[in-house]
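Remarks on the overall topology
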Amino acid sequence: MQPDKYSMKTRPMTQGRKRQRKEPEEGDIFAEEWNVKDKEIAGGQTQYDLDYLFARLSKSQFRSRFKLGIDDMEYIERKGLATIRRHAGDFVRKRLAPALIPNDGRQTPMRGHPVFTAQHATGCCCRGCMEKWHGIKKGHEMTDDEQEYAVNVIMEWIKRQIEQTAHYTNMK
């Protein structure tokens, strides 16, 4: 009997395991035009359109499955949002900001800290995702503005999770 070409025993592990990247089509959520749009506000500062970003992220089956658990909520309540923001800044500076990250794509744990969960939910977990979701190219050290942007996205997601949880518990 001839081995089936789809059998795991006859097929090398790399064959057929990766999705082929195709050219973006109009309306494709990963197309270039879907990068975060920003609005000019007073004093020449920029305010990011995070509603637009979160709408895009909600369409991703992988990103939208991340939620803060009870332990995460208790940790945030115990430490406070200012401390969580400092942690987010530290994680971004140490794990995302360098130009070359030897374990890029695997540097952010899936759980263990609310910021880790938020990083995965927002596409701020590795430089590949930062490029895909936020348009911040890999291969260069992230600027202070790019790092601040990542922290703002992470913190906004955490705040929305807290509000959503509070709204849900008030409905009971």
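Keep in mind it's a predicted model, so treat the numbers as computed, not measured.

A separate point is the overall build of the chain. Of regular secondary structure, the chain possesses seven helices and two strands. Counted from the first residue to the last, the chain has its helices and strands arranged as β-β-α-α-α-α-α-α-α. The proportion of buried residues among the 172 residues of the chain is 35%. Considering only intrachain contacts with a sequence separation of at least 6, the fraction spanning at least 24 residues in the chain is 59%. Surface summary for the chain: the accessible area is close to 11800 Å², and the carbon and sulfur share equals 50%.

Let us now look at helix 1 (residues 50-58). Along an α-helix, residues three or four apart share an orientation, since each turn contains 3.6 residues. The complete set of buried residues in helix 1 reads L50, L53, F54, R56 and L57. Along the axis of helix 1, the buried positions cluster into a sector of 155°, meaning they face one direction only.

Counting residues in each nonpolar core, the largest one holds 34 residues, and the members touching the most others are M142, I154, W157 and I158. Sorting the residues of this core by element identifies helix 1, helix 3 (70-79), helix 4 (81-96), helix 5 (114-122), helix 6 (127-134) and helix 7 (144-171) as the ones contributing at least two each. Top contributing element to this core by residue count: helix 7, with eight residues.

Closest axis-to-axis distance for the helix 1/helix 6 pair is 11 Å, and the angle between their directions is 115°. As the angle between them shows, helix 1 and helix 6 are arranged roughly perpendicular. Residue-level contacts link L53, R56 and L57 of helix 1 to K132, W133 and H134 of helix 6. Within the contact of helix 1 with helix 6, the residues separate by chemical class into three nonpolar, one polar and two charged.

A few words on helix 6. Those residues of helix 6 that fall on the buried side of the exposure criterion are R127, C129, M130, W133 and H134. Projected onto a plane normal to the axis of helix 6, the buried residues spread over an arc of 155° and lie on a single side. Within two residues after helix 6, G135 carries a phi angle of roughly 75°, on the positive side.

Below, the discussion takes up the pattern of salt bridges. Evaluated as defined, the whole model comprises four salt bridges. A salt bridge links D90 to R93, with the nearest nitrogen and oxygen atoms 2.3 Å apart. Here D90 pairs with R93, and both are found in helix 4, just three residues apart, close to one helical turn. Across the pair R160 and E156 runs a salt bridge, and its minimum N-O distance is 2.8 Å. Of this pair, R160 and E156 both sit in helix 7, separated by four residues, roughly a single helical turn. For E156, a relative accessible area of 25% puts it in the partly exposed group. Taken together, the shared-partner salt bridges in this structure form one network comprising D51, E156 and R160.

About the thresholds
Residues numbered from 1 in each chain as written. Predicted model: local features only at pLDDT ≥ 70, side-chain atom pairs only at ≥ 80, totals over all residues. Heavy atoms only, no water. Helix = DSSP H or I, 4+ residues; strand = E, 2+ residues; numbered from the N terminus. Buried < 20%, exposed > 50% of the residue type's maximum accessible area, 1.4 Å probe, protein only. Contact = heavy atoms within 4.5 Å. Areas by Shrake-Rupley, 256 points an atom, 1.4 Å probe, with all protein chains shown as cover. Arc of directions from axis to C-beta. Core = buried A, V, L, I, M, F, W, Y, C linked by side-chain atoms within 4.5 Å. Axes fitted to C-alpha atoms, helices over the stretch in contact; angles between N-to-C directions. Parallel < 35°, antiparallel > 145°, perpendicular 65-115°, else oblique. Nonpolar A, V, L, I, M, F, W, Y, C, P; charged D, E, K, R; others polar. Salt bridge = Lys/Arg side-chain N within 4 Å of Asp/Glu carboxyl O.

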